[in-house]
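Structural overview for review
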Amino acid sequence: MNTVHKLLKRLFVLLVLVGVGFILVTYYSYIFSRTVVGRIDNVARVTGVTAMIGGARSLTESQLHLFSVSIRQPNGEMITAISEDGQWAIAKSGLCVKAKYYPYPPWNLKRAGTYFNARLLTMADCGSEAARELGITANAFDGVPLEPSQAPVDQGVIQAPPTASPVPPPGTIE
């Protein structure tokens, strides 16, 4: 009777370990997901426009809404991910966001240590009350400029660069 009791105990422990292992393997990305709060550094569509318009293959819905996302946290760390979330299509550089990043599991050796499926949870202007509710203060990114390609473009009058004048300045000899 004592032997049967020990065997059942070991079987129960083995089943619990197998169950925990199954849950860890299946839901690894959800268990170790990361909430990222910061300023959008860059959002780029991964699928080329030519593939969408005239490609020989038809694109799936997930390929159509495939984005590469980079968020800069107030401490300066930039966190990148790839996402199929179509909400990133309206996100612009310089806005503050709260997003959920899901890591690839370590046994996926090709992609281990990187994130996928970035979900946009909240988006706000960085100086607004909504950004303060996210935990981003008005001066959180002071001294951290936008990249030159992301700097606001002056929509004023475009001036031509100075060119050589066909008329020589007074007092010169030709």
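All chains use their own residue numbering, which begins from 1 and follows the written sequence. The predicted origin of the model limits local features to residues at a pLDDT of at least 70 and limits the giving and counting of side-chain atom pairs to 80 or more, whereas totals for whole chains, interfaces and linings rest on all residues. Here the side-chain values reflect all heavy atoms present in the structure, with hydrogen atoms and water set aside.

Moving on to the nonpolar core. Residues grouped as a nonpolar core are buried Ala, Val, Leu, Ile, Met, Phe, Trp, Tyr and Cys residues, joined through side-chain atoms within 4.5 Å. Between buried and exposed lies partly exposed: a residue is buried under 20% and exposed over 50% of the maximum accessible area for its type, with that area taken using a 1.4 Å probe on protein chains only. Among the nonpolar cores identified, the biggest contains 17 residues, and Ile40, Val43, Val69, Ile71, Trp88 and Tyr101 are the most heavily contacted of them. Secondary structure elements are taken from DSSP: a helix is a run of H or I of four residues or more, a strand is a run of E of two residues or more, and numbering for both begins at the N terminus. Taken together, the elements giving at least two residues each to this core come down to β1 (34-45), β2 (67-72), β3 (78-83), β4 (96-103) and β5 (115-124). When neighbours within four sequence positions are excluded, Tyr101 is seen to be in contact with Ser33, Arg34, Val36, Val69, Ile71, Ile79, Thr80, Ala81, Tyr115, Phe116 and Ala118. Membership of the second largest hydrophobic core comes to 6 residues, among which are Cys126, Ala131, Ala140 and Phe141. It only takes one pair of heavy atoms within 4.5 Å for two residues to be counted as in contact.

Bringing the pattern of salt bridges into the picture now. The term salt bridge refers to a pairing of a side-chain nitrogen on Lys or Arg with a carboxyl oxygen on Asp or Glu at a separation within 4 Å. Throughout the structure, instances matching the rule amount to 3 salt bridges. The partner of Glu77 in a salt bridge is Arg34, and the shortest N-O contact between them spans 3.2 Å. In this pair, Glu77 is assigned in the loop between β2 and β3 and Arg34 in strand β1, connecting sequence segments 43 residues apart. The exposure class assigned to Glu77 is partly exposed, which follows from its relative accessible area of 35%. Between Arg132 and Glu129 there is a salt bridge, with the nearest N and O atoms lying 3.1 Å from each other.

Quick look at a nonpolar patch on the surface now. On the surface, Phe22, Ile23, Leu24, Tyr27, Tyr30, Ile31 and Phe32 cluster together into a nonpolar patch covering about 740 Å² of accessible area. Looking at the nonpolar patch, the elements that each hand over two or more residues are α1 (2-26) and α2 (28-31). Of all the elements, α1 adds the most residues to the nonpolar patch, at 3 residues. Looking at the secondary structure, you find Phe22 in helix α1. For patch detection, residues must exceed 30% relative accessible area and be free of salt bridges, and they are connected within 9 Å for like charges or within 5 Å for nonpolar side chains (Val, Leu, Ile, Met, Phe, Trp, Tyr). Values of accessible area rely on a 1.4 Å probe in the Shrake-Rupley scheme; residue burial ignores everything except the protein chains shown.

Glancing now at the packing of aromatic side chains. Working definition: a ring pair exists when centres of Phe, Tyr or Trp rings (six-membered ring for Trp) sit within 6.5 Å. Plane angles under 30 degrees give stacked, over 60 give edge-to-face, the rest tilted. All chains considered together, the criterion is met by 5 aromatic pairs. Where Tyr28 meets Phe32, the ring centres are 4.7 Å apart and the plane angle is 45°; that geometry is what we call tilted. Here Phe32 falls in the partly exposed class, since its relative accessible area comes to 43%. Ring-pair connections join several aromatic residues into one group, and the members of that group are Tyr28, Phe32 and Trp107.

Two strands pair under a simple rule: DSSP has to find at least two bridges between them. Taken in spatial order, the 5 strands line up as β1-β2-β3-β5-β4 and close into a barrel, and their pairing is mixed. Direction aside, the axes of adjacent strands within the sheet are offset by 50° on average. Where β2 and β3 come together, 6 bridges link them in antiparallel fashion. Across the sheet, the residue bridging to Ile71 is Ile79, located in β3. To obtain each axis, a line is fitted to C-alpha atoms, and for helices this fit is confined to the stretch in contact; angles are then taken between N-to-C directions over 0 to 180 degrees.

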